[in-house]
Amino acid sequence: MNTYQNFPFCRFLKNILISVCTITLVTACNSSQAEDKSISQEKIVSGDNYGELHDQGKLRTYYFYTPKSYDSYRPMPLVLVFHGDDGSGRSISNVTRFNELADQKGFLVVYPDGIDQKWSLRGNAKGKVDDVLFVSSLIDHLQQQINIDSHKIYATGFSRGGILTQALACNLPNKIAGFASVAASLPVRLEPNCQPQTPISILTINGTNDRDVLYEGDDHTQRGALVSISDMVDFWRSHDRCTSSNKSLQFSEDKVKTSLYAGCSDNSEVWHLAVVNGGHFWPGGASTDESLNKFNANLGLNASETIWNFFQRHTLP
């Protein structure tokens, strides 16, 4: 027995110290629980949101839309949408109307902004960033901010944003489950080095009369040359080892020619939609050009809906 316990005053001090320690511990635990609770209850506002992150020494920005059905406790699919040159995340959202579709179908949409409204596929000595690396960092960043289903992350883009999407298919098949490019193709210089280790599910939509992204492709010696659309489709079909094709989409053959390749490795698919006499545009998208709106109305193809239907068929393992 300790000697000090024989003295009443010492026993009194011992009881006081025990009480103080107990109160301190309880207070500390309650404080920790309050902090955890505040983090778990942090809500993303439904509707329009804006975010930013630092990557490769640059401040990057993005606009994202959260559907009304978003629940922070339930993971949701994510669609990344990339604008063309001289565009922005907000402008491509207006054209594609993915926000309306997100509310109807229940998915998140993020529209990143390119630096100076452009995308760069590789960094260089002039200080350009590598936007493929940026997208990879952005996905990691978003997964810390929003409850995303990591098996259902998708990428689509228009024009230069579609070219970026093709580059993402080459480099980020471990993070993105499906790809869709509109009015775009595969860069000539990228093709030899595009060797993803897994099959790629990709949908491409091109106008046969596109003067910006030529259906017949570019002279391979020119800067920024793109392969022909048929070569692009053959490249992905060959990579996926597709063995069969069919034409089951319900479009008028004189307006939209479809090539759907199945029997591919690991249930991957390659779809191509050729808009007959179509130009450099997003089929079914919003426009201030009345002649384009008339063409769209007669076309009967909504690229955003078709892309989402394609995405839903594919998930990462």
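Preceding this paragraph is the structure being described.
What comes next is a walk through the structure. (Residues numbered from 1 in each chain as written. Predicted model: local features only at pLDDT ≥ 70, side-chain atom pairs only at ≥ 80, totals over all residues. Heavy atoms only, no water.)

## Examining the packing of helix H4 (residues 131-145) against helix H5 (residues 160-171)
- Relative orientation of the contacting elements H4 and H5 amounts to 70 degrees, with a least axis distance of 10 Å. Here H4 is positioned roughly perpendicular relative to H5, judged by the angle of their axes. Contact with H4, carried on its side by Asp131, Val132 and Val135, involves Leu164, Ala167, Leu168 and Asn171 of H5 and no other residues of that element.
- Class assignment for the residues of the contact of H4 with H5 results in 5 nonpolar, 1 polar and 1 charged. (Axes fitted to C-alpha atoms, helices over the stretch in contact; angles between N-to-C directions. Helix = DSSP H or I, 4+ residues; strand = E, 2+ residues; numbered from the N terminus. Parallel < 35°, antiparallel > 145°, perpendicular 65-115°, else oblique. Contact = heavy atoms within 4.5 Å. Nonpolar A, V, L, I, M, F, W, Y, C, P; charged D, E, K, R; others polar.)

## Considering the pairing of strand E7 (residues 202-207)
- Within E7, 6 of the 6 residues are buried, leaving the element largely enclosed by the surrounding structure.
- A two-sided burial pattern is seen for E7, the buried positions comprising Ile202, Thr204 and Asn206 on one face and Leu203, Ile205 and Gly207 on the other.
- Judged from the 4 bridges that link them, strand E6 (residues 178-182) and E7 form a sheet pairing that is parallel. Each bridged residue has a counterpart across the sheet, and for valine 182 the counterpart in E7 is isoleucine 205.
- Sheet analysis places E7 next to strand E10 (residues 270-275), joined by 6 bridges and oriented parallel. Along E10, the bridge assignment pairs isoleucine 202 with valine 270. (Buried < 20%, exposed > 50% of the residue type's maximum accessible area, 1.4 Å probe, protein only. Pairing = 2+ DSSP bridges.)

## A few points about the packing of aromatic side chains
- For the coordinates displayed, the defined rule picks out 13 aromatic pairs.
- Judged by centre distance (5.3 Å) and plane angle (35 degrees), the ring pair of tyrosine 50 and tyrosine 63 falls under tilted. Separated by 13 residues along the polypeptide, tyrosine 50 in strand E1 (residues 47-55) and tyrosine 63 in strand E2 (residues 58-66) bring together distant segments of the chain.
- Among the residues examined, tyrosine 63 registers a relative accessible area of 2% and is labelled buried.
- Consider the rings of phenylalanine 107 and tryptophan 308, whose centres lie 4.1 Å apart with planes at 20 degrees: the pair is stacked. With phenylalanine 107 in the loop between helix H3 (98-105) and strand E4 (108-112) and tryptophan 308 in helix H8 (residues 303-311), this residue pair connects regions lying 201 residues apart in the sequence. Tryptophan 308 matches phenylalanine 107 in its accessibility class, with the two residues each being buried.
- The structure contains a cluster of three or more aromatic residues connected by ring pairs, namely Phe98, Phe107, Tyr154, Trp271, Trp282, Trp308, Phe310 and Phe311.
- Taking NZ or CZ as reference, arginine 60 lies 3.8 Å from the ring centre of phenylalanine 134, over its face.
- Here the basic side chain of arginine 90 rests over the ring of tyrosine 63, its NZ or CZ set 4.5 Å away from the ring centre. (Phe/Tyr/Trp six-rings, centres within 6.5 Å; stacked < 30°, edge-to-face > 60°. Lys NZ or Arg CZ within 6 Å of the ring centre and 35° of its normal.)

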